[in-house]
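Each chain, written out:
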Amino acid sequence: MSAPLLEVSNLQMHFPVREGLFLRARAFNRAVDGVSFTINPGETLGLVGESGCGKSTLGRCITRLYTPTGGSIRFAGQDITHMRPRTLRPLRQDIQMIFQDPMESLNARHTVGDILEEPFIVHRIGDRIWRRKRVAELLNIVGLPARSATRFPFEFSGGQRQRIGIARAIALNPRLVICDEPVSALDVSIQSQILNLLVDLQREFNLAYLFIAHDLAVVKHVSDRVAIMYLGKIVETAPSETLYREASHPYTQSLIAAIPVPDPHRRAAREVLRGDVPSPINPPQGCSFHPRCPRAEPQCSEAEPELAPLTGAHAAACHLLARSG
Ligand code: SF4
């Protein structure tokens, strides 16, 4: 097996919460709190959790939009955790990001041609004629006509704008793309078109994806492995098929139960997740899921469970599973 392209070890991103006249840090928002995983070349890891669980912050740490406060990130064998911007610059070509709302991430005052040409200008690649030719190629790759280059983002539909966002992300031939909720803002009919496009691009260019989503149903179709995140930590991880067939952590089971099913009898039998994700500034003691867990026991509010292997590459952090294993 090839060496991992990305190795994330015990990563932490704690934001200080400042208060008072001197803006002293009174507390810390533990958005990411000890996360470890790897992604191999050409592989997709789905990262799933509710809004506020830290998954987008984790994506921004990997692209180094944030500098982590603990742990390490190795990309293609190099430690990039605290790499200076200048040293990081060539590597930025290799790690790109697709955002949830392409309208926010595309400069509304620039034409699509200018938007797609910009990464080449920033990295001093090609002359103007070469760049314009490459822009036409990129539009073709994502299924848009070359004449789109002269138009502005607001002239496109949501799905077309996401295609432009994808074209920009792949412009520099990256090896890893962080897809941060790339279809959440789109109609269901358009979602599958964008997912198919991402899968096709992965096959053609051997891209690795970290696919971030709050919806397990979306992730199922694109991921080789899935990691479930809750309040800054990974609570279960498994190959995609295993996770959907044998979800073991009560939180994962709740997320699977939340996937819409057409059968009303099955719908009634499913356990629905109660309450909201607690604040990462003051997380619950012990297992952070215990205030919402239907299977919580006294021990759960006292000791934090470790992410422990179950079978093969399947692991979960739950006292009940550790006991039965
Ligand atoms: Fe639920 Fe306890 Fe397992 Fe946490 S450790 S998921 S509270 S049973």
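The shown structure was predicted, so the numbers you read here are calculated from the model rather than taken from an experiment.

Trainee: Just to check I follow, could you spell out the packing of aromatic side chains for this structure?
Mentor: Aromatic ring pairs are defined here through the distance separating the ring centres and the angle between the ring planes. Under the definition given, this model contains 6 aromatic pairs. On the numbers, 5.3 Å between centres and 80° between planes, the contact of F15 with Y66 is edge-to-face. You can see F15 sitting in strand β1 (residues 6-19) and its partner Y66 sitting in the loop between α1 (55-62) and β4 (70-75), a full 51 residues away along the chain. Exposure remark for F15: the relative accessible area of 26% places this residue in the partly exposed category. Cluster of aromatic residues (ring-pair linked, three or more members): Y230, Y251 and F289. Positioned over the ring face of F156 is R151, at 4.5 Å from the centre of the ring.

Trainee: Just checking my understanding: could you explain the pattern of salt bridges for this structure?
Mentor: Tallied over the full model, the rule gives 15 salt bridges. Across the pair K55 and E181 runs a salt bridge, and its minimum N-O distance is 3.6 Å. Pair noted here: K55 is in helix α1 and E181 is in the loop between β7 (176-180) and α7 (188-205), with a separation of 126 residues, a long-range link. In this pair, the class of K55 matches that of E181, namely buried. A salt bridge links R60 to D180, with the shortest nitrogen-to-oxygen separation between them at 3.0 Å. Taken together, the positions of R60 in helix α1 and D180 in strand β7 put the pair 120 residues apart, joining distant regions of the chain. Note on R60: relative accessible area 21%, which makes it partly exposed.

Trainee: Would you take a moment to explain unusual backbone geometry for this structure?
Mentor: Peptide bonds are mostly trans, and most non-glycine residues show a negative phi. Residue R64 is not a glycine yet carries a positive backbone phi of 65°. With respect to the secondary-structure elements, R64 resides in the loop between α1 and β4. One non-glycine residue, L231, lies in positive phi territory at about 50°.

Trainee: Would you explain the nonpolar core in this entry?
Mentor: Considering soluble globular proteins, one finds that nonpolar side chains tend to be buried as a cluster. Within the largest apolar cluster, 54 residues are counted, with the highest numbers of intra-cluster contacts made by I166, F211, L216, V226 and I228. Broken down by element, this core gets its largest block of residues, 6 residues, from α7. Apart from residues lying up to four places away in sequence, V226 is in contact with L45, G46, V48, L216, V219, E236, T237, A238, S240, L243 and Y244. Within the second largest apolar cluster, 31 residues are counted, among which are L5, F37, I80 and M229.

Trainee: Is there a simple way to explain the sheet that holds strand β9 (residues 225-230) in this structure?
Mentor: Note on sheets: strands pair through backbone hydrogen bonds, and any given pair is parallel or antiparallel. Here we have 8 strands laid out as an open sheet, ordered β6-β7-β8-β3-β9-β10-β12-β11, and mixed in their pairing. Edge strands, defined here as strands with exactly one partner in the open sheet, are β6 (95-98) and β11 (308-309). Across 2 bridges, the pairing between strand β10 (residues 233-239) and strand β12 (residues 315-316) is antiparallel. Across the sheet, E236 pairs through a bridge with A316, a residue of β12. Along the sheet, helix α10 (residues 250-257) contacts β3 (44-48), β9 and β10; its crossing angle with β9, the most-contacted strand, is approximately 105°.

Rules used throughout
Residues numbered from 1 in each chain as written. Predicted model: local features only at pLDDT ≥ 70, side-chain atom pairs only at ≥ 80, totals over all residues. Heavy atoms only, no water. Phe/Tyr/Trp six-rings, centres within 6.5 Å; stacked < 30°, edge-to-face > 60°. Helix = DSSP H or I, 4+ residues; strand = E, 2+ residues; numbered from the N terminus. Buried < 20%, exposed > 50% of the residue type's maximum accessible area, 1.4 Å probe, protein only. Lys NZ or Arg CZ within 6 Å of the ring centre and 35° of its normal. Salt bridge = Lys/Arg side-chain N within 4 Å of Asp/Glu carboxyl O. Core = buried A, V, L, I, M, F, W, Y, C linked by side-chain atoms within 4.5 Å. Contact = heavy atoms within 4.5 Å. Pairing = 2+ DSSP bridges. Axes fitted to C-alpha atoms, helices over the stretch in contact; angles between N-to-C directions.

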